[in-house]
Structures are given as C-alpha cells and as structure tokens.
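Now for the letters of each chain:
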Amino acid sequence: MATVHEPAHAPAGSRPPLTTAGGIPVSVVHVTAEYFPFARTGGLAEAVNGLAHFQSAAGLNVLVILPLYRTVRDAEPDLEPVGAPFLVPVGGRTEEARVFRAAGRHAGPQVFFIEHLDYFNRPGIYGENAVDYLDNARRFAFFALAALTVLPRLVSGPVLVHAHDWHTALVPVYLRTTLAREGFAATTSTVLSVHNPGYQGHFPPETMPDVGLPWEIYNWRQLEWYGKMNFLKGGLAFTDFVTTVSPTQAQELRTPGGGFGLHDVFQELGGRLVGILNGIDQHEWDPARDTQITAQYSAANLDAKRRCKAALQRSFGLPQRRKVPLFGMTGRLVTQKGLDLILGADELLGTDAQFVFLGSGEQRYEHALVELATSAPNRIGVQLDFSDRLEHRLMAGADIFLMPSLYEPCGLTQMRSQRYGAPPIVRDVGGLRDTVEDGVTGFSFDSYTPEAFAEAAFRALACYADRACWHAMVRRGMASDFSWERSVATYLDTYRRALAHAGTR
C-alpha cells in the first residue's frame, strides 16, 4: 500500500524531535474515539486535539485516526477516500472498512477517519438517550484493529501509536498478540493515555472470541477483571508506557480509593506510569483577543469584564446587577462534576448571589437545575443547549467558577476560568489540585460534602467583597501558564522512554 503521509523533514542541520536510537524519525499516530471538532462528548476530544496540534507545531510528524461518525460528515462534508476499501478480520468475521481524510490542505496534523456504516453511522458516539449501544465492544475493537491494519497505508517508518482511554485500549493488545508477526509491529511502540479511569470498557467473558482475542490472555494479569473482560486493563498490560492527565491523578490511580478497581495494575507499572498535565490553547482562550465574547479585556484593564457579565446575565434572563457575585458552571451534568454538592448547599443557594449553569447530561440533574431556576428566576439561570460560544461568554461573564468534582483527572475549564478572571471553587483532587492554589488563584476543599463546598464558596464571597483581595486573585489567575507547550515537552520525554522500553522487548 502506498504511503500518503511521509515523515516531516527537520530543518537542515537539526535533529528531528523524536527518533529511534539509530536516528530515524518516528511518527506519532493518535488513535482516539473523539477529536474536536469532529466528535466530542467531553474533554477527551479537546485534549487530544490540543496535544496533536501543538506536537505538530513542535516539528513532529503527527497523524490522528478516529471513526467516521455521522457527526464527522456534519463537521467536514468534503471527505476523500485514501486508497481502496480494506478487509479487517476480527472474531471469525471479515469486515470491510474504508479510510477517508478531509479534502484539501489543512494546518496541523493530518486527520483520518475509519468508515464502517453499520458501526459508526449512528446518531450517537457511544449510545443514545444515556443508553450505551449494546455492540460497543465490537465497534471499538473493530476500530482499534482497523486503525492498525491501515497504518502502513498512512505512514512509513517507525511509529509510536498513542491510544486514548478504553475505546482504543485494545490497540497495544492486538499489536502484541494477533498482529505480532506483521512487519510493522516490530517498529511500532505504544503509549496509552488514561483520561478518565471511571470508564474502562467492561464486557462479558465471551467478548474475547467475539473480538478475536485468544483465551490465554483472559487472566487476572491481563484482560480478566472480576469475571469480566476489561479493555482498559488489557491495554495497561500490553502497552509500553502509560500516561494520565495530571501528576496528582497518577498518584491517585495507585490508591484503592482512586484507582477504580485497577490500583494494583497502576502500582505494578512503576515508573512506566507518568502524569502529564493537559494544557489549553492560550491563544484561543485569551479574553484580550477572544472574538466570541461581548468585550475584550485583560488583567491590566478589567473594566470590559463588566460588560461581559451584563451580557451573560441578559442571555440567562437574569437582572443586570453589577455588584452581585455571579457563579458560573459549564460542563457535563453528571455525578462526577459535583452537582450533588451544589444542589445540597441550601444556604449558599439562598444568598443574594446569582448562578448560571450551562450543559446537559443526566436527566435528574437537568430537572433539578430547571426546578431551581423556576423557583428563583431572578437569581438562577440554566441553559441545557451547550455551544462553544456560550462557554466562552460564560467564562468571560462569570465572577466565580464552580467545579467541585467528585474526581477530576485533569479538567480544562478551571484553567480557562482563571485565564478569564473567574477564580474557581474546586475540590482538592486530581488536576484541580495541580492547577488551583487555595486562597491564591481560587478556592479548594477536601471533604466531598455540601458543607465543605459551601465553606469554600463563602470564603470566595468574602474575598469578592474585598475588592483588593479579589482583584489580586483575579490577576494572579489570569497570569497562570497552562500552555500546551509545557506539556508537549514532557510528552516527548515520555515517548523517548517508551521507545527505549520497546527496544527491550
């Protein structure tokens, strides 16, 4: 099969950013179930997009492979096939697939899409109406195997495949088992990133033959987990290196309380588990140049933030009260995000402060928030229809940002809120601990109780009432460095260690 994307050439006299021990350039291929703007349910899509783009800007040859969902054609209707259809043998079946890419030239990494109409041309990515598709094991196993099968068509030379979360965790499993004798396997290394350990891909044991994996690897050290097949555990067992999305999360994964049943596996990885903080695009998330907000402002001149607050109040149907603190929250309305703490903080909700909530998720939370807004229409506003523009406007208009998560591997919105001068209230877990300094750039608490959350919120209100205290905190947060450039350098070091480990196989 012809190669369509040759490794990028470094400037004359310079060394490529990532090479084998013999100096041969290594390409990086991200295999992911989500990638912004084509397919997104949460932070995974944005995290992989940010990493891939900034790696490409740093001189790496970067490719991205994801399924050709229905949402992809909505976002990119002009797709072109890359070669002829190809066959993927999996679980006693032979499935036909095609690979596409966006027509024309695009800045950044090349993005490829695996087409299988039965598996991916559906209304949802993982399911519909909060119910998973029953064949998700087969769908994502096929995707992992198809991405590896087509890899030699897309890139030549040594490759480091970077898989993301349970949906692609079978990539290293297939590479070291059923595809181990393929020529490209010997020159391919793997890294598996755990973005959200709460989702692992648990399926019945009979899934093993259905996705074409041998029974001998269904054991407690590899794919078996309490009588089930565990995609994520299998990936952890077979990959060269594992990353997670913050240093604190790497520590928490090794504990019974933070490992979601896999803490022993994470412990056994030792130095092959690395926590690397996600970044944000600080050019896109910059209130001084953001064209999606009502008025641009900076840490040196915060006056225009008042206009953004007034616009946010108008859009949520709230009275424009300049001196009343405005709390904002955006994200998936699920248990993980700490909504039980907010809904249980009656004393805080009964203050004169205003609250705006943006996002969708579990119906019980949607209904509870709508009821709150109905009971206090002058103080509480809810928008269940999420959009990027509204998220930017919420960050710019809010005084205080809410993110009291039950757990948070990294989190992106607390970084954005600081850049936009809205100090966050966070629980002291995962990436929230690594990005928010209590009393300096925001407010944090430990115990997962409404009382602990409310205590932090009232501390925020006390500081807000002291303008000197508040302006100092806002400016410190806006000066924080959450750039992807820092993270890319750490990933490069991890990739080099993964290549070295692969060389010991």
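Rules behind the numbers
Position numbers for residues count from 1 along each chain, tracking the sequence in the order it is written. With the structure being a predicted model, the display of local features is reserved for residues of pLDDT at least 70 and the display and counting of side-chain atom pairs for 80 or more, all residues being used for whole-chain, interface and lining totals. The basis for every side-chain value is the complete set of heavy atoms in the structure, and neither hydrogens nor water enter the calculation. Each residue gets one of three labels from its accessible area relative to the maximum for its type: buried under 20%, exposed over 50%, partly exposed in between, using a 1.4 Å probe on protein chains only. Every helix listed is a DSSP run of H or I at least four residues long, and every strand listed is a run of E at least two residues long, numbered separately from the N terminus. Polar contact is defined as a pair of N or O atoms within 3.5 Å, subject to the rule that within protein one atom must be able to donate a hydrogen and the other to accept it, and that residues adjacent in sequence are counted only when both atoms are side-chain atoms. Any carboxyl oxygen of Asp or Glu that lies within 4 Å of a side-chain nitrogen of Lys or Arg is treated as forming a salt bridge with it. Disulfides are defined as pairs of cysteine sulfur atoms found within 2.5 Å of each other. Being paired, for any two strands, means DSSP has found at least two bridges between them. Any two residues having at least one pair of non-hydrogen atoms within 4.5 Å are treated as being in contact. Note on geometry: axes are lines fitted to C-alpha atoms, helical ones only across the stretch in contact, with angles between N-to-C directions running from 0 to 180 degrees. The nonpolar core is taken to be a set of buried Ala, Val, Leu, Ile, Met, Phe, Trp, Tyr and Cys residues, with the residues joined through side-chain atoms within 4.5 Å. Multiply 1.5 Å by the residue count of a helix minus one, and that product is the helix's expected span. In this description, one arc is meant: the one made by directions from the helix axis to the C-beta atoms. Confidence of the predictor in every single residue is expressed as pLDDT, which spans 0 to 100. Any angle that is under 35 degrees is reported as roughly parallel, and any over 145 degrees as roughly antiparallel; angles of 65 to 115 degrees are reported as roughly perpendicular and all others as oblique. Polarity classes work like this: nonpolar for Ala, Val, Leu, Ile, Met, Phe, Trp, Tyr, Cys and Pro, charged for Asp, Glu, Lys and Arg, and polar for all others, with Gly in that last group. Any residue with relative accessible area above 30% and no salt bridge may belong to a patch, with like charges joined within 9 Å and the nonpolar Val, Leu, Ile, Met, Phe, Trp and Tyr side chains within 5 Å. In these tables, accessible area is a Shrake-Rupley quantity obtained with a 1.4 Å probe, and a residue counts as shielded only by the protein chains included in the view. Lys and Arg are tallied as positive, Asp and Glu as negative. Neither His nor the chain termini are counted. Just so you know, the charge point we use is NZ for Lys, CZ for Arg, CG for Asp and CD for Glu.

## So, helix 7 (residues 231-238)
For an α-helix the count is 3.6 residues per turn, leaving residues at separations of three or four pointing the same way.
For step 1, the next point in the chain: Counted residue by residue, helix 7 has seven buried out of eight residues, so it is predominantly covered.
For step 2, the next point in the chain: Where helix 7 is concerned, the buried positions are Phe231, Leu232, Lys233, Gly234, Gly235, Leu236 and Phe238.
For step 3, the next point in the chain: A side-chain oxygen of the first residue of helix 7 lies 3.0 Å from the backbone nitrogen of Leu232; this N-cap is Asn230.

## Some points on the pattern of salt bridges
Pairs may arise between side chains of opposite charge once their charged atoms sit close together.
For step 1, the next point in the chain: All chains considered together, the criterion is met by 22 salt bridges.
For step 2, the next point in the chain: Among the salt bridges present, the one from Glu46 reaches Arg40, with a minimum N-O distance of 3.1 Å.
For step 3, the next point in the chain: The class of Arg40 is partly exposed, set by a relative accessible area of 27%.
For step 4, the next point in the chain: Put simply, Glu115 and Arg73 hold a salt bridge, and the shortest N to O gap is 3.1 Å. With Glu115 in strand 6 (residues 110-115) and Arg73 in helix 2 (residues 70-75), this pair connects stretches of sequence that are 42 residues apart.
For step 5, the next point in the chain: Assessed through its relative accessible area of 35%, Arg73 is described here as partly exposed.

## Section: the state of the cysteines
For step 1, the next point in the chain: For the structure shown, the criterion picks out one disulfide.
For step 2, the next point in the chain: Between Cys463 and Cys469 runs a disulfide, and the two sulfur atoms are separated by 2.1 Å. Because the torsion about its S-S bond is -105°, the bridge between Cys463 and Cys469 counts as left-handed.

## Some words on the sheet that holds strand 12 (residues 224-225)
For step 1, the next point in the chain: Strand order in this open sheet of three strands is 11-13-12, and the pairing throughout is antiparallel. Strands with a single pairing partner mark the edges of an open sheet, and in this sheet they are strand 11 (202-203) and strand 12.
For step 2, the next point in the chain: Note that strand 11 and strand 13 (residues 228-230) share two bridges and pair antiparallel. Paired with His202 across the strands is Asn230, a residue of strand 13.
For step 3, the next point in the chain: Where helix 7 meets the sheet, it contacts strand 11, strand 12 and strand 13, and its direction lies at approximately 55° from that of strand 13.

## Observations concerning the environment of Pro172
For step 1, the next point in the chain: Its location among the elements puts Pro172 in helix 5 (residues 170-176).
For step 2, the next point in the chain: C-alpha of Pro172 to C-alpha of Thr351: the two residues are 179 residues apart in sequence and 53 Å apart in space.

## Things to note about the nonpolar core
For step 1, the next point in the chain: With 101 residues, the main nonpolar core has Ile114, Leu170, Tyr174, Leu213 and Leu236 as its most contacted residues.
For step 2, the next point in the chain: The next biggest cluster of nonpolar side chains, apart from the first, holds 69 residues, and it includes Phe355, Met415, Ala460 and Met473.

## Observations concerning the pairing of strand 6
For step 1, the next point in the chain: Burial within strand 6 is extensive, with five of its six residues counted as buried.
For step 2, the next point in the chain: Two strands pair when backbone bridges link them, and strand 2 (residues 62-67) and strand 6 are joined in this way by five bridges, in the parallel orientation. Bridge assignment links Leu66 to a residue of strand 6, and that residue is Phe113.
For step 3, the next point in the chain: Bridge analysis of strand 5 (residues 93-102) against strand 6 gives four bridges, and the strand direction is antiparallel. Bridging across to strand 6, Arg101 finds its partner in Phe112.

## Quick notes on the sheet that holds strand 21 (residues 443-445)
For step 1, the next point in the chain: Pairing is parallel across the open sheet formed by six strands, whose spatial order is 18-17-16-19-20-21. Every other strand in the sheet has two partners, leaving strand 18 (380-383) and strand 21 as the edge strands with one partner each. Taking each pair of neighbouring strands and ignoring which way they run, the sheet shows an average axis angle of 20°.
For step 2, the next point in the chain: In this sheet, strand 17 (residues 354-358) lies alongside strand 16 (residues 326-330) in parallel orientation, the contact comprising five bridges. Paired with Leu326 across the strands is Gln354, a residue of strand 17.
For step 3, the next point in the chain: The strands touched by helix 17 (residues 450-465) within the sheet are strand 16, strand 19 (400-403), strand 20 (424-427) and strand 21, with strand 21 carrying the most contacts at an inclination of about 160°.

## Side note on the environment of Gly271
For step 1, the next point in the chain: By the secondary structure assignment, Gly271 is in the loop between helix 9 (263-269) and strand 15 (273-275).
For step 2, the next point in the chain: In this structure Gly271 touches Phe241 and Arg497, once residues within four positions along its chain are discounted.

## A short note on helix 13 (residues 363-375)
For step 1, the next point in the chain: The terminal C-alpha atoms of helix 13, which comprises 13 residues, lie 18 Å apart, in line with the 18 Å expected from a rise of 1.5 Å per residue.
For step 2, the next point in the chain: Listed in full, the buried residues belonging to helix 13 are Tyr365, Glu366, Leu369, Leu372 and Ala373. Relative to the axis of helix 13, the buried residues are bounded by an arc of 125° and lie together on one face. Facing away from the buried side of helix 13, by more than 90 degrees, are the exposed residues Gln363, Glu371, Thr374 and Ser375.
For step 3, the next point in the chain: Elements in contact with the buried residues of helix 13: helix 11 (339-344), helix 12 (346-349), strand 17 and strand 18.

## Let's talk about the confidence of the model for the chain
As a note on interpretation, predicted positions should not be read in detail where pLDDT is low.
For step 1, the next point in the chain: On average, residues of the chain score 94 in pLDDT, and 97% of them reach the 70 mark or higher.
For step 2, the next point in the chain: In this model residues 1-12 is a low-confidence stretch, pLDDT under 50, and it forms 30 contacts with partners more than four residues away in sequence or in other chains.

## Here we look at the packing of helix 17 against helix 18 (residues 467-478)
For step 1, the next point in the chain: At a closest axis distance of 5 Å, the pairing of helix 17 and helix 18 adopts a crossing angle of 105°. If you check the angle between helix 17 and helix 18, you find them roughly perpendicular. Contacts between helix 17 and helix 18 pair Ala460, Cys463, Tyr464 and Ala465 from the former with Arg467, Cys469, Trp470 and Met473 from the latter.
For step 2, the next point in the chain: Each residue belonging to the contact of helix 17 with helix 18 can be placed in one class, and the counts come to seven nonpolar, no polar and one charged.

## Thoughts on a positive patch on the surface
For step 1, the next point in the chain: Residues Arg306, Arg322, Lys323 and Arg467 make up a contiguous surface patch of positive charge.
For step 2, the next point in the chain: For Arg306, the position within the fold is in helix 10 (residues 305-315).

## Looking at the side chain of Arg93
For step 1, the next point in the chain: Tracing the sequence through the fold places Arg93 in strand 5.
For step 2, the next point in the chain: For Arg93, the side chain forms a polar contact with the main-chain oxygen of Asp210, separated by 3.1 Å.
For step 3, the next point in the chain: Excluding its chain neighbours within four sequence positions, the residues that come into contact with Arg93 are Val88, Tyr119, Arg138 and Asp210.

## Observations concerning the environment of Arg321
For step 1, the next point in the chain: Mapped onto the fold, Arg321 is located in the loop between helix 10 and strand 16.
For step 2, the next point in the chain: Sequence separation between Arg321 and Ala310 is eleven residues, and the spatial gap between their C-alpha atoms is 7.6 Å.
For step 3, the next point in the chain: The contact partners of Arg321, leaving out residues within four places of it in the chain, are Lys309, Gln313, Asp352 and Gln354.
For step 4, the next point in the chain: Within the local environment of Arg321, its side chain forms a polar contact with the side chain of Asp352, the two groups lying 2.7 Å apart.

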